[in-house]
Amino acid sequence: MPSLKDLRVRINSVKSTRKITSAMKMVAASKLRRAQTAAEAARPYAERMERILGALAGSLGSQEGAPRMLAGTGSDSVHLVIVATSDRGLCGGFNATIVRNSRQLVNGLLAEGKTVKLMLVGRKGRDQLRRDFGKLFGETFEGLGRRGIEYADAEAIARKVTAMFEAGEFDVATVIYNRFKSAISQEVTRQQLIPFPVPPKKDEVAGEMQAQYEYEPSEEGILNELLPRNLAVQMYRALLENFASEQGARMTAMDNATRNAGDMINGLTIRYNRTRQAQITKELIEIISGAEAL
Amino acid sequence: MAETVEFELVSPAKLLMSEQVEMVVMPGTEGNFASQPRHAPMISTLRPGVIEVYADNKVTERIFVAGGFAEINEERCTVLAEEAMPVEQIDAAGVEARLKAAQQALDDAETPDQAKAAETAMAVAQAMQAAIGGAKAAH
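Model, not experiment: these values are computed from the prediction.

Another aspect to go through is the overall build of chain A. Counting its secondary structure elements, chain A contains eight helices and six strands. Helices and strands appear in chain A in the N-to-C order α-α-α-β-α-β-α-β-α-β-β-α-β-α. Counting only C-alpha atoms, chain A reaches 115 × 40 × 30 Å along its principal axes. Excluding contacts between residues fewer than 6 apart, the proportion of contacts in chain A whose partners are at least 24 apart in sequence is 77%. Counting only carbon and sulfur atoms, one obtains 51% of the accessible surface of chain A, whose full area is about 15700 Å². Each charge class in chain A was averaged separately, 42 positive and 34 negative side chains, and the resulting centres sit 12 Å apart.

Turning our eyes to something else, we now look at the pairing of strand 6 (residues 58-73) of chain B. Residues and elements named next belong to chain B. Judged from the 13 bridges that link them, strand 5 (residues 42-55) and strand 6 form a sheet pairing that is antiparallel. When the sheet's bridge partners are listed, Gly49 is paired in strand 6 with Val65. Turn length for the strand 5-strand 6 hairpin, with the two strands adjacent in sequence and antiparallel, is two residues, and the turn residue Asp56 shows positive phi of about 55 degrees. Two elements, strand 6 and strand 8 (residues 84-86), share three bridges in a ladder whose sense is antiparallel. Each bridged residue has a counterpart across the sheet, and for Ile63 the counterpart in strand 8 is Pro86.

Residue and element names in this part refer to chain A. Relative orientation of the contacting elements helix 1 (residues 4-41) and helix 8 (residues 219-293) amounts to 160 degrees, with a least axis distance of 7 Å. Viewed along their axes, helix 1 and helix 8 adopt a mutual orientation that is roughly antiparallel. For helix 1 against helix 8, the interelement crossing comes out left-handed. Residue composition of the contact of helix 1 with helix 8, grouped by class: 22 nonpolar, nine polar and 10 charged.

Next up on the list: the domain arrangement of chain A. Domain annotation for chain A reports domain 1 (4-21 + 254-288) and domain 2 (32-200 + 213-251). One C-alpha centre belongs to domain 1 of chain A, the other to domain 2 of chain A; they are set 49 Å apart.

This part covers the side chain of Arg48 of chain A. Secondary-structure assignment places Arg48 of chain A in helix 2 (residues 43-60). Ignoring any residue separated from it by four or fewer positions in sequence, one finds Arg48 of chain A in contact with Glu8, Val10, Thr78 and Leu80 of chain B.

Take the nonpolar core next. Ranked by internal contacts, the top residues of the largest apolar core, which has 57 residues, are Ile82, Val161, Phe170 and Ile194 of chain A. With 14 residues, helix 8 of chain A is the single largest residue contributor to this core. Setting aside anything within four residues of it in sequence, one finds Ile82 of chain A in contact with Met119, Val121, Val161, Thr174, Val175, Ile176, Leu193 and Met235 of chain A. Within the second largest apolar cluster, 19 residues are counted, among which are Phe7, Val53, Ile72 and Ala81 of chain B.

Another point: the domain arrangement of chain B. Residue and element names in this part refer to chain B. As assigned here, chain B comprises domain 1 (5-87) and domain 2 (90-138). Computed from C-alpha coordinates alone, the two centres of domain 1 and domain 2 are separated by 22 Å. Each side of the interface is counted separately: domain 1 has 10 residues, and domain 2 has nine residues. Contact between domain 1 and domain 2 buries roughly 710 Å² in total, counting both sides, with carbon and sulfur atoms accounting for 73%. In terms of surface lost to domain 2, no three residues of domain 1 exceed Pro48, Phe64 and Val87, which account for 56% of the buried area on that side.

For the rest of this paragraph, the subject is the packing of aromatic side chains. Working definition: an aromatic ring pair is given by the centre-to-centre distance plus the angle between the planes. Residue and element names in this part refer to chain A. The tally for this structure, following the rule as stated, stands at two aromatic pairs over all chains. Here the aromatic rings of Tyr151 and Tyr236 are separated by 5.3 Å at their centres, their planes lie at 90 degrees, and the arrangement is edge-to-face. Linking Tyr151 in helix 6 (residues 151-166) with Tyr236 in helix 8, this pair joins segments that are 85 residues apart in sequence. For Tyr151, a relative accessible area of 11% puts it in the buried group.

Conventions and cut-offs
- Residues numbered from 1 in each chain as written.
- Chains lettered and ligands numbered in written order.
- Predicted model: local features only at pLDDT ≥ 70, side-chain atom pairs only at ≥ 80, totals over all residues.
- Heavy atoms only, no water.
- Helix = DSSP H or I, 4+ residues; strand = E, 2+ residues; numbered from the N terminus.
- Contact = heavy atoms within 4.5 Å.
- Areas by Shrake-Rupley, 256 points an atom, 1.4 Å probe, with all protein chains shown as cover.
- Lys, Arg positive; Asp, Glu negative; His and termini not counted.
- Charge placed at Lys NZ, Arg CZ, Asp CG, Glu CD.
- Pairing = 2+ DSSP bridges.
- Axes fitted to C-alpha atoms, helices over the stretch in contact; angles between N-to-C directions.
- Parallel < 35°, antiparallel > 145°, perpendicular 65-115°, else oblique.
- Left-handed = near helix turned anticlockwise from the far one by under 90°.
- Nonpolar A, V, L, I, M, F, W, Y, C, P; charged D, E, K, R; others polar.
- Domains from an automatic or database assignment.
- Core = buried A, V, L, I, M, F, W, Y, C linked by side-chain atoms within 4.5 Å.
- Buried < 20%, exposed > 50% of the residue type's maximum accessible area, 1.4 Å probe, protein only.
- Buried area = accessible area lost by both parts, 1.4 Å probe.
- Phe/Tyr/Trp six-rings, centres within 6.5 Å; stacked < 30°, edge-to-face > 60°.

Okay, here's the thing in structure tokens:
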């Protein structure tokens, strides 16, 4: 049976924990709002980029001599897996789900006899995957999103990926991140970056429209510039989604933690009061029985 | 009011402009070109330079872009730019610094890739400088 003092100390410590978790929840909520607007603002660029790429790929994609970033290298023996996680913890299952999914993917590829290289974005994923796949690690990126995700961050990653691809270090690149569905639900997503999956044509009319485009300079010239940028844009989008998901996951986790702390405080308070009453009663009995004995 | 095209300027971070305009002149890689209503569909790359928006045969807005892509068709003109800002917001001292940094990077470049990146940065800074010069001359 804990003494009254012990209980008081515990109640106070849970109370201060609750203060911290509820503050973290508020911070995550405001960051989430900002991340969501950023993700929405980035959408028009990605959409238009996709439209232009679709038009170009439709007319050039299947031909000989198409850029390798679009058509692939012709083999798929070396895979580059880009795992996007967060730098900070305390966000529920956010990092664990990404890590679990990456582990599945990597193990699957290894079992097929493929070579796998890993690129890690975020500290948490790196720490959790190091034990199993430390030997496969390539570049790691950290400290993203301290002041929100910037396009320059995504560009730096994309440039690195492009350089590796051009040096022939891998054939297929996939990024794993959490797609933001709502503040309480995120979905682990694998997206293939290289070779770029050509979006299927929507209908015949679109096909006719595409055929009429003039290109300046040549189609290849444009594609060669467009593809690396598209990589950066896709990366940017993945990072934004991931960041929004992280904040959403943290908000939910902290909300739960705050609620649990509240329950615990209630429980402890009841126990504290009961103990106090029992003690008073005991003292009264002692006094009364003492008086009676006289 | 004459016929108009829907002009959109988009950067990765956000939609910068979306309005109806009469004519837009863009710095294409192979020479400047204009987008007017009922222009033939075209996709072109842009070099660093200034986009000029026209209304009533006069320039109403001058926007600097550091390269990008333009998609033009009969009723629409979409520009995808990585970096874009109105010419009057360019800070001369900042451009000077960028020019110096680019020059420095060019001198320090060890690999052809680095040299290429530095040259690109250099071209952007020079185009910025030219854009400010042009704006001053116009006043």
